[in-house]
Amino acid sequence: MSEIERLASLIRQRNAVDNQISAVIGRPVHAGHLAEAITAKIFNIDLHESAAHKGNDGIFTGGSYVGKTVDIKGYSSKDTLGMPDEGKTGFDESLPDFYLVLAGPRKSAISSRGATAPWTIHSVHLFDARALVEKLRKRRPPPKINEATSIALEYWDAAEIYPRNNPVFPLTESQREMLALFSEASVG
C-alpha cells in the first residue's frame, strides 16, 4: 500500500468516527463545537441555537454565574486566546462575561513537524473577559487584542480551574471526573 493509499484509508476511518461524534454533539466535529458540547454538559451552559451567535456561545444556567455569558474555546495547547479585534467598532459590546477554555498542554516545540495534536483536556481556564482586557491593556507593551491574543502564562495559571482547585470557580467531584475522561491518559 502506498503512502497516499494509507492516508486515504486513515481519513476514511477518521471520517467514520467524526460522523459518530457529530451524531452525539449535533454539529460538525470541529474543536470549537466539541469544546462547546463537552462544557455545556459539565458546566451547566445553555448553548445558543446558532453556532454563529455574536460574542458568546451560551449562558451559565447553574452555579454562581447563572445568567452570565460565556465564550467557549477548545485548544490543543494554551498560548493564545481568540478574542474580538479591539480595533473594530463594538469591541466592548462583543465581549462575553467569561471565556471558558479547554486546553491541551502548553506547546514546547517551535516547529510542529513530527508532532501530534491529540484532542485532550489537560487544563480548564475561566477568564473574566473584562478583567483580562484591563490586564492586557496595562502590559508594556500591550499585546494586540484579536483572534490570536497572546496571553502570558501567569494569566493562564491564575484562570486555571482544572486540574488545579480555584476558589473563584470550585468544581464538584463529578465535574472533575467527567473532565478526567478527556485527559491524555484516558484518550491517548
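What counts as what
Residues numbered from 1 in each chain as written. Predicted model: local features only at pLDDT ≥ 70, side-chain atom pairs only at ≥ 80, totals over all residues. Heavy atoms only, no water. Buried < 20%, exposed > 50% of the residue type's maximum accessible area, 1.4 Å probe, protein only. Helix = DSSP H or I, 4+ residues; strand = E, 2+ residues; numbered from the N terminus. Pairing = 2+ DSSP bridges. Patch = residues over 30% accessible without salt bridge, like charges linked within 9 Å, V, L, I, M, F, W, Y side chains within 5 Å. Areas by Shrake-Rupley, 256 points an atom, 1.4 Å probe, with all protein chains shown as cover. Salt bridge = Lys/Arg side-chain N within 4 Å of Asp/Glu carboxyl O. Core = buried A, V, L, I, M, F, W, Y, C linked by side-chain atoms within 4.5 Å. Contact = heavy atoms within 4.5 Å. Axes fitted to C-alpha atoms, helices over the stretch in contact; angles between N-to-C directions.

> Could you clarify how one ought to interpret the pairing of strand E3 (residues 69–75) in this entry?
Successive residues of a regular strand alternate their side chains across the two faces of the sheet. Here E3 lies mainly inside the structure; 6 of its 7 residues are buried. Looking at chain direction, strand E2 (residues 58–60) and E3 are connected through 2 bridges and run antiparallel. Bridge pairing in E3 places Ile59 opposite Thr69. With 6 bridges joining them, E3 and strand E5 (residues 98–103) adopt parallel strand pairing. Within the sheet, the bridge partner assigned to Lys73 lies in E5 and is Val101.

> Can you help me understand a nonpolar patch on the surface in this one?
Residues Ile4, Leu7 and Ile11 make up a contiguous nonpolar surface patch of about 290 Å² in total accessible area. By the secondary structure assignment, Leu7 is in helix H1 (residues 3–25). The class of Leu7 is partly exposed, set by a relative accessible area of 44%.

> What exactly am I supposed to notice about the nonpolar core here?
Across soluble globular proteins, nonpolar side chains have a tendency to be buried as a group. In terms of nonpolar packing, the biggest core is built from 22 residues, with Phe43, Phe60, Val124 and Leu179 touching the most fellow members. Going through the elements one at a time, helix H2 (31–42), E3, E5, strand E6 (123–128) and strand E8 (160–162) are the ones with two or more residues in this core. The residues touching Leu179, leaving out its near neighbours within four places in the chain, are Ile42, Phe43, Leu102, Ile121, Val124, Tyr162 and Leu171.

> Explanation requested: the sheet that holds E2 in the structure shown.
Strands pair in a sheet through their backbones, by hydrogen bonds, and they do so in one of two ways: parallel or antiparallel. Pairing is mixed in the open sheet, where 6 strands are placed in the order E1-E2-E3-E5-E6-E8. Edge positions in the open sheet fall to strand E1 (45–47) and E8, since each of these has one partner strand only. The mean angle between the axes of side-by-side strands here comes to 30°, regardless of whether they run parallel or antiparallel. The pairing of E5 with E6 spans 6 bridges and is antiparallel.

> It is not clear to me how the pairing of E6 should be interpreted in this structure. Could you clarify?
Taking burial as the measure, the 6 residues of E6 include 5 buried ones, the bulk of the element. Here 2 bridges tie E6 to E8, and the two strands are oriented antiparallel to one another. Paired with Val124 across the strands is Tyr162, a residue of E8.

> What is the right way to read the pattern of salt bridges from this model?
Close approach of charged atoms allows side chains with opposite charge to pair. In total, this model carries 8 salt bridges according to the counting rule given. A salt bridge links Asp18 to Arg14, with the shortest nitrogen-to-oxygen separation between them at 3.8 Å. Of this pair, Asp18 and Arg14 both sit in helix H1, 4 residues apart, which is roughly one turn of that helix. A salt bridge links Glu86 to Arg137, with the nearest nitrogen and oxygen atoms 2.6 Å apart. Here Arg137 lies in helix H4 (residues 129–138) and Glu86 lies in the loop between strand E4 (80–81) and helix H3 (91–94), a separation of 51 residues in the sequence. With relative accessibility at 30%, the residue Glu86 sits in the partly exposed group. By relative accessible area, Arg137 is classed as partly exposed at 31%. Each of Glu86, Asp92, Glu134 and Arg137 takes part in one network of salt bridges that share partners.

> Can you walk me through unusual backbone geometry in this structure?
Most peptide bonds take the trans form, and the phi angle of most residues other than glycine is negative. Cis geometry is found at the peptide bond from Arg140 to Pro141, where omega equals -10°. Structurally, the position occupied by Pro141 is in the loop between H4 and strand E7 (149–150). At the junction of Tyr162 and Pro163, the peptide bond is cis and its omega measures out at 5° in the coordinates. Among the structural elements, Pro163 can be located in the loop between E8 and helix H6 (173–180).

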